[in-house]
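What the coordinates show
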Amino acid sequence: MEKEEKKQLLEEKNIHLWFSGSPVSLQSMKLELDMNVGAIFAYGKFLNVQPEKIRAMVCDIICYDSQRHQVDVIKDCLYDGFEIERNKDFGTKVPFRVMNQATRNIEFVLKSVTTVSGQTWYNREGKRFNISLDQESIFNVQADLHKQFMDSCASAGFDQTKLILQPKFDKLYWLCSCGTLNWNDEDVCCSCGVGRSWLEHNTNKEYLRTEQQRQAVEAERVRREAAEKERIDKERQAEEFRKRKETYEKSQKLAEGQKKAGKILPLILIAVLLIGGGYTLVVYGIPYFKYQSAMSDYDKGFYDQAKEKFEKMGDYSDSKDMVMKCTYTKAGSYAEAQNYQQAAEMYQSIDGYMDSAEKYTETMRLYAQKLYNDKRYVDSMKIYRSIDATDDPNYEKCQKNLYDMAGRDYGKANYKKAYKKYNFLGDYKDSEDKAKDCLYHLAAIDYGKLDYKHAFEKYDQIRGYKDVDEKLKKYSTLAMFISAVGEDGTPAVWNAYDVKCPKCGSNAEYILEFSDNGALKIGVNCEKEGKYIVKESRFKIENNVLYEGYYVDGNLKFKKLADIKKINENDNSMEGKNVSVIMTDPVNSKNKGTITLYGNVISGDKVDLG
């Protein structure tokens, strides 16, 4: 029977603290007594707040008693083996044992953070987590002005459900309304894409209050115009009813007089007239009233409602034209409210009506201008390109600003972001060469992480650049070994037959599995011992030498496992195999001879990664 887990929570704090320059923030910490083993364990929850992925982190944990007196320090607590992306948390499942049983409070002191690219940041000044990143609800802060902010979000195309916190702006950082920490030189939130300047402007209470007043005045104007049109419509309808009633009363008097006179023919004529009047009412009167109802909706600004009524009227009067006009006028109102994207979509839907094509181009240009003002340069440039307006002065400004932003990303070794910007810029200045240089660095980082698939994909894009061809030559055997890795990551399997079991010396088969993420598994299938695993580790192959990975103080080192002597391309000596490799024995160190591995290689000179 399994032992029941018994744990007692001694302290738990859900906080969000940071200090200037730190690559991580502290989100929470917990102190827990495990009564099964009679020991106290400390836990922390951290968040990566910088662009690079985090591989490892070291911190000290200061222990205090209930009176906040320091009783112990747990030195060099290591978090390792991660690949933590930006805005992802980690650490909650890593316990550190507390030796002093009087501990009731803890404090984490960050010492160093190492990225997957091998760069290490040190907290040399011993700074403590002391800046609160907690944010108030934006609804509570803005109160009656919150609707104006929501309207601004909708106009700009931002997700209102994410922007729920009051932003903070500091000389070192800024907190977006989505809760994400951004560095001061980042103009756009790395999480939700909201521009800093847009956010500062649209969360300013004075601006929101002015906008609220403007909209109130506009709403009152629309209400008054609608009321006046409604009054005129009612007067017109009343006058029409009066005339119809007068006509009816006259016909009734005429019929009565003719009846008294005993004249049959006039009565028949009156009946015909009455029937004819009903027909006229059905054929002409009812559609007329429906048309007037649709026009009334149109005049009041209820364009969707009016459009629906006009559509049902078919060919009556100018109803078909009014269907198009409803969309045209609605698009104009949206453009006036700076909802340019929606307005452009409406103009595009009625292409060919009046000047809709010109209005579409004009509105898209305004939308591009708005995106430029919000520092969304890529989106702005996309629109200028789509309407063939790259001669617009703002397009050139976008290029320059985006180029400068890419340079800042490159300077911070954020090669992925820099590459996207340089690649988008195309032939602007030296962007093409800069993009290649970013890929060159990214490929080297992938290779350093033993992510061979992505490393080779990047190197293959920049063949001929710098020493890329020499690198690919150096890695050519490695590429061959992993070329048969499946699209789903299934390892490439290589076999050696007629070898000896390192345990008992019986006839056996070696099975080597190479993955494009640097994982190596070596197994033996022995006649007596059956199947068993010899080793699982990381690997690399350079200049025909197979290296095995091992860790020292959390750092990956390599030692030679085998020499690759000869490669026979298109070797058909084994059924289903097309390459054989002669190499020193990577399994049995007692074997001083060589073995032959057989693999089903897709291509001998280039990895086919699908």
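Bear in mind that the values here come from a model prediction, so they are computed numbers and not experimental data.

If the charged atoms of two oppositely charged side chains come close together, the side chains can form a pair. Across all of its chains, the model carries 31 salt bridges by this definition. Among the salt bridges present, the one from Asp404 reaches Lys400, with a minimum N-O distance of 3.1 Å. Of this pair, Asp404 and Lys400 both sit in helix α11 (residues 393-411), separated by four residues, roughly a single helical turn. Classification of Asp404 as partly exposed rests on a relative accessible area of 31%. Lys400 gets classed as partly exposed once you look at its relative accessible area, which sits at 43%. Members of the salt-bridge network, linked through shared partners, are Asp60, Lys75, Asp76 and Lys111.

This part is about the confidence of the model for the protein. Residues shown with low pLDDT carry predicted positions that ought not to be read at fine detail. Mean pLDDT over the protein works out to 85, with 89% of the residues at or above the 70 mark. Low confidence marks residues 265-284, where pLDDT is under 50. Its contacts with residues over four positions away, or in another chain, come to eleven contacts. The low-confidence segment residues 604-610, where pLDDT is below 50, has eleven contacts with residues more than four positions distant or belonging to other chains.

Time to look at the packing of aromatic side chains. Counted under the stated rule, the structure contains 35 aromatic pairs. Ring plane angle 45 degrees and centroid distance 6.5 Å describe the contact between Phe46 and Phe129, whose orientation is recorded as tilted. On the criterion of sequence distance, the pair formed by Phe46 in strand β3 (residues 39-48) and Phe129 in the loop between β9 (120-122) and β10 (131-132) is long-range, its members being 83 residues apart. Comparing Phe46 with Phe129 shows no difference in burial state: the two are buried. Taken together, the aromatic side chains of Phe19, Phe46, Tyr79, Phe82, Phe90, Phe96, Phe108, Trp121 and Phe129 make up a single cluster linked through ring pairs. One residue, Lys466, lies across the ring of Tyr440, its end atom 5.0 Å from the ring centre. Lying over the aromatic face of Tyr547, Lys540 brings its terminal NZ or CZ to 5.6 Å of the ring centre.

Let's shift gears to the pairing of strand β16 (residues 519-526). The pairing of strand β15 (residues 507-514) with β16 spans seven bridges and is classified as antiparallel. Residue pairing across strands places Tyr510 opposite Val524, the latter belonging to β16. Linking β15 back to β16 in an antiparallel pair, the connection comprises four residues, with Gly518 at a positive phi of about 85 degrees. Bridge count for β16 against strand β17 (residues 530-542) is eight bridges, and the pairing is antiparallel. Opposite Gly523, over in β17, you have Ile533 as the bridge partner. Hairpin connection from β16 to β17: three residues lie between these consecutive antiparallel strands.

In this section: the sheet that holds strand β11 (residues 168-169). Here three strands make up an open sheet; going across it, the order is β11-β12-β13 and the pairing antiparallel. Across the chains shown, the open sheet's two edge strands, defined by having one partner strand only, are β11 and β13 (181-183). Pairing of strand β12 (residues 173-175) with β13, which is carried by three bridges, proceeds in the antiparallel orientation. Its bridge partner lying in β13, Leu175 is registered against Leu181.

Glancing now at unusual backbone geometry. Backbone geometry at Asn87 places phi at a positive 65 degrees, although glycine is not the residue there. Positionally, Asn87 belongs in the loop between β5 (70-79) and β6 (89-90). The class for Asn87 is partly exposed, based on a relative accessible area of 27%. A positive phi angle is found at Lys375, which is not glycine, with a value near 65 degrees. You can see Lys375 is positioned in the loop between α9 (356-373) and α10 (377-386).

Let's shift gears to the sheet that holds strand β8 (residues 105-115). Pairing is antiparallel in the open sheet, where four strands are placed in the order β5-β4-β8-β9. Strands at the two margins of the open sheet, each flanked by one partner only, are β5 and β9. Neighbouring strand axes in the sheet, compared pairwise and without regard to direction, differ in orientation by 25 degrees on average. Bridge count for strand β4 (residues 54-64) against β5 is seven bridges, and the pairing is antiparallel. By the bridge assignment for β5, Tyr64 is matched with Gln70.

It is worth spelling out the pairing of strand β1 (residues 7-18) at this point. Relative to strand β2 (residues 24-34), β1 runs antiparallel, the two being bridged by eight bridges. Note that in β2 the partner of Leu9 across the bridge is Glu32. In this antiparallel pair of consecutive strands, β1 and β2, the connection spans five residues, and Gly21 shows a positive phi of 90 degrees.

Glancing now at α10. What α10 keeps buried is the set Tyr377, Ser380, Met381, Ile383 and Tyr384. All buried residues of α10 lie within an arc of 160 degrees about the axis, which places them on one face of the element. For α10, the elements touching its buried residues are α9, α11 and α12 (415-425). In the segment just after α10, Asp388 is the residue with positive phi, at about 55 degrees.

The next thing to look at is the layout of surface pockets. Considered as a void within the structure, the second largest pocket measures approximately 1,200 Å³ in volume. The wall of the second largest pocket is formed by 37 residues, among which Arg214, Ser333, Glu336, Ala337 and Asn339 lie closest to the centre. Every element with two or more residues in the lining of the second largest pocket is listed here: α2 (146-156), α3 (196-202), α4 (205-260), α5 (264-300) and α7 (319-336). Broken down by element, the lining of the second largest pocket gets its largest block of residues, twelve residues, from α4. Taken together, the residues of the lining of the second largest pocket break down into ten nonpolar, 13 polar and 14 charged.

Calculation rules
Residues numbered from 1 in each chain as written. Predicted model: local features only at pLDDT ≥ 70, side-chain atom pairs only at ≥ 80, totals over all residues. Heavy atoms only, no water. Salt bridge = Lys/Arg side-chain N within 4 Å of Asp/Glu carboxyl O. Helix = DSSP H or I, 4+ residues; strand = E, 2+ residues; numbered from the N terminus. Buried < 20%, exposed > 50% of the residue type's maximum accessible area, 1.4 Å probe, protein only. pLDDT = per-residue confidence, 0-100. Contact = heavy atoms within 4.5 Å. Phe/Tyr/Trp six-rings, centres within 6.5 Å; stacked < 30°, edge-to-face > 60°. Lys NZ or Arg CZ within 6 Å of the ring centre and 35° of its normal. Pairing = 2+ DSSP bridges. Axes fitted to C-alpha atoms, helices over the stretch in contact; angles between N-to-C directions. Arc of directions from axis to C-beta. 1 Å grid on protein atoms, 1.4 Å probe; cavity = no way out; pocket = protein on both sides within 12 Å on 5 of 7 lines; lining within 4 Å. Points joined across faces, edges and corners; volume = space filled by probe spheres on them. Nonpolar A, V, L, I, M, F, W, Y, C, P; charged D, E, K, R; others polar.

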